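Architecture and fold: a report
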Amino acid sequence: MKLTDNVLRSFRVAKVFRENSDKINCFDFSSNGETIISSSDDDSLVLYDCQEGKPKRTLYSKKYGVDLIRYTHAANTVVYSSNKIDDTIRYLSLHDNKYIRYFPGHNKRVTSLSMSPVDDTFISGSLDKTIRLWDLRSPNCQGLMHLQGKPVCSFDPEGLIFAAGINSEMVKLYDLRSFDKGPFATFKLQYDRTCEWTGLKFSNDGKLILLSTNGGALRVLDAFKGAIIHSFGGYNNSKCVALEASFTPDSQFVMIGSEDGKIHVWNAESGMKVALLDGKHTGPITCLQFNPKFMTFASACSNMAFWLPTIDD
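Sequence order as written defines residue numbering, which begins from 1 separately in each chain. pLDDT decides what is reported in this predicted model: residues at 70 or higher carry local features, side-chain atom pairs at 80 or more are listed and counted, and totals for whole chains, interfaces and linings draw on all residues regardless. For the side-chain quantities, the full set of heavy atoms in the structure was used; hydrogens and water were omitted.

This part takes up the UniProt feature "repeat: WD" (unreviewed entry) in the protein. The feature "repeat: WD" (unreviewed entry), as given by UniProt, occupies residues 17–58, 103–138 and 246–276 in the numbering adopted here. Elements are defined by DSSP. Helices are runs of H or I of four residues or more, strands are runs of E of two residues or more, and each kind is numbered from the N terminus. The span residues 17–58 is 0% helical and 57% strand by assignment, and the distance between its end C-alpha atoms comes to 13 Å. Each end of residues 246–276 is marked by a C-alpha atom, and these two atoms are 15 Å apart; helix forms 0% of the span and strand 55%. UniProt positions are given in the numbering used here, feature names are shortened, and annotations may be inferred rather than shown by experiment.

Bringing the pattern of salt bridges into the picture now. Salt bridges are identified by distance alone: a Lys or Arg side-chain nitrogen within 4 Å of an Asp or Glu carboxyl oxygen. This model, assessed by the stated rule, comprises twelve salt bridges. Among the ionic pairs, Asp-135 bridges to Arg-137, the shortest N-O distance being 2.7 Å. By relative accessible area, Asp-135 is classed as buried at 14%. Residues Asp-192 and Arg-219 are paired through a salt bridge, measuring 3.8 Å at the closest nitrogen-oxygen approach. Of this pair, Asp-192 sits in the loop between strand 17 (185–188) and strand 18 (197–202) while Arg-219 sits in strand 20 (residues 218–222); the two residues are 27 residues apart in sequence, bridging distant segments of the chain. Taken together, the shared-partner salt bridges in this structure form one network comprising Asp-120, Asp-135 and Arg-137. Partly exposed describes any residue whose relative accessible area lies between the buried limit of under 20% and the exposed limit of over 50%, with all areas from a 1.4 Å probe on protein chains only and scaled to the type maximum.

Before going further, it helps to examine unusual backbone geometry. For Asp-43, which is not a glycine, the phi torsion comes out positive at approximately 70°. With respect to the element layout, Asp-43 can be found in the loop between strand 3 (35–40) and strand 4 (44–49). Under the relative-accessibility criterion, Asp-43 is labelled buried at 10%. Even without being glycine, Asn-167 reaches a positive phi, approximately 55°.

Right, let's get into the environment of Gly-216. In this structure, Gly-216 sits in the loop between strand 19 (208–213) and strand 20. A relative accessible area of 39% places Gly-216 in the partly exposed class. Along the primary structure Gly-216 and Asp-5 are separated by 211 residues, whereas in three dimensions their C-alpha atoms are 23 Å apart. The contact definition used throughout considers only heavy atoms, calling two residues in contact when any of these lie within 4.5 Å. Excluding anything up to four places from it in sequence, Gly-216 contacts Phe-232, Gly-233, Gly-234 and Tyr-235.

Attention shifts here to the packing of aromatic side chains. Each aromatic pair joins two rings of Phe, Tyr and Trp (for Trp, the six-membered one) with centres within 6.5 Å, and gets the label stacked for planes under 30 degrees apart, edge-to-face for over 60, and tilted for any other angle. For the structure on display, the rule yields 18 aromatic pairs. With a centroid separation of 5.4 Å and 45° between ring planes, the pair formed by Tyr-99 and Tyr-102 is classed as tilted. Overall, Tyr-99 belongs to the partly exposed group, its relative accessible area being 31%. Their ring planes at 65° and their centres at 6.3 Å tell us that Tyr-235 and Trp-266 sit as a pair that is edge-to-face. Of this pair, Tyr-235 sits in the loop between strand 21 (228–232) and strand 22 (245–247) while Trp-266 sits in strand 24 (residues 262–267), and the two are 31 residues apart along the sequence. On the basis of relative accessibility, which here comes to 5%, the residue Tyr-235 falls in the buried class.

What follows is the structure in structure tokens.
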């Protein structure tokens, strides 16, 4: 089944889960699309089975809190940032609920965490104005970049380069093998005083970069030239919440939630709005991602919603 405008417009909430007492701050699909792991401000990690459409188990990180949760390539393991006590990144085995390793180094809150799509490397960006490069097999930082401002960062789909959005006004591209030589490309964007960049993602085809913000607009850039292709707005975000925006896996569409529980979808090429979906969320939709393998997506406030299409196009 192919994603089309009509199929997207037909999506409806199939299941709602009320496992959390506070907002879900992040979630991640496993690469095979079979499970989701979420992190919440209530200090819990909830594992969901996407095929059966139900929560499987709940773990807690009461002491350190949990945010920016990401699956690694090893089965049943995740990395996440702390939002209490310190700013250490933690590597957890879900199988026996034991920490495998800690990654200390940042001294302010970690705001970005991106796992390499191809190996055990990951990068983290922090309010301490650094990006650190790590390897899951070692607690020692493998690389450190001091920046001019707060970063958001992500690997590209091939895992060969990573992008850093700095101070909500420039995007720098680095070659992973020679990042210490500095960026090979820098794109300067017009600074928008009304919002800060809160996330950066590549499309799966590697051609586009999506910048999400805590304001009422998001931007799509040409990943090679740095030109702004589209600015998308018209969704509600009056309280400056960091709303997660996402590409669909085919790189054809961009979607974002809003503070009124609605989901807005645009065509990434034409820039046309193709759908407005009502998730009936009780709070702002802080997390939104499409399943990498199956025709379903998930959205979250303090509740988690699974969506399915209601037509076969």
